[in-house]
Amino acid sequence: MLNFIEVFDVMDVEPATGSSVWSGLTGTRAALERDGHMIDPKAMAYCPIEWLDERGYLDAERASRHPRPTSF
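Numbering of residues starts from 1 in each chain and follows the order in which that chain's sequence is written. Confidence filtering applies because this is a predicted model: local features only for residues at pLDDT of at least 70, side-chain atom pairs given and counted only at 80 or more, and all residues used for totals across whole chains, interfaces and linings. Derived side-chain values reflect all non-hydrogen atoms in the structure, with water molecules and hydrogen atoms excluded from consideration.

**Overview of the pattern of salt bridges**
No. 1: For this analysis, a salt bridge means a side-chain nitrogen from Lys or Arg found within 4 Å of a carboxyl oxygen belonging to Asp or Glu. This structure, assessed with the given rule, holds six salt bridges.
No. 2: Across the pair Arg29 and Glu6 runs a salt bridge, and its minimum N-O distance is 3.2 Å. Of this pair, Arg29 sits in helix H1 (residues 29-34) while Glu6 sits in strand S1 (residues 4-13), and the two are 23 residues apart along the sequence.
No. 3: The closest approach of N and O atoms between Arg34 and Asp35, which form a salt bridge, is 3.1 Å.
No. 4: Here Asp35 falls in the partly exposed class, since its relative accessible area comes to 39%.
No. 5: In this structure, a network of salt bridges that share partners links the residues Glu54, Asp59 and Arg62. Each helix is a run of DSSP H or I of at least 4 residues and each strand a run of E of at least 2, with the numbering of both proceeding from the N terminus. Categorising residues by exposure relies on relative accessible area from a 1.4 Å probe, with only protein chains included: less than 20% of the type maximum marks a residue as buried, more than 50% marks it as exposed, and the intermediate range marks it as partly exposed.

**Let's talk about a nonpolar patch on the surface**
No. 1: Taken together, the side chains of Phe4, Met44 and Tyr46 define a hydrophobic patch exposed on the protein surface, amounting to about 300 Å² of accessible area.
No. 2: Position of Phe4 relative to the elements: it lies in strand S1.
No. 3: For Phe4, a relative accessible area of 42% translates into the label partly exposed. Any residue with relative accessible area above 30% and no salt bridge may belong to a patch, with like charges joined within 9 Å and the nonpolar Val, Leu, Ile, Met, Phe, Trp and Tyr side chains within 5 Å. For the accessible areas, the method is Shrake-Rupley and the probe is 1.4 Å, while residue cover comes only from the protein chains on display.

This is the structure:
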């Protein structure tokens, strides 16, 4: 059974347009706050805790080794 945790995408602002662009990082609230990122509560999602690295960020390689729930 997988344990799920809330995660948030780290977004950057595109200087030319002002639009949000995903930075390629997704992490826990604690990791983002620790590293100085702002959190948009509307950008929340859930992932299995087993997919996170020791820093609290989503590790794509770990995620690829685990079965994916149907909602992902």
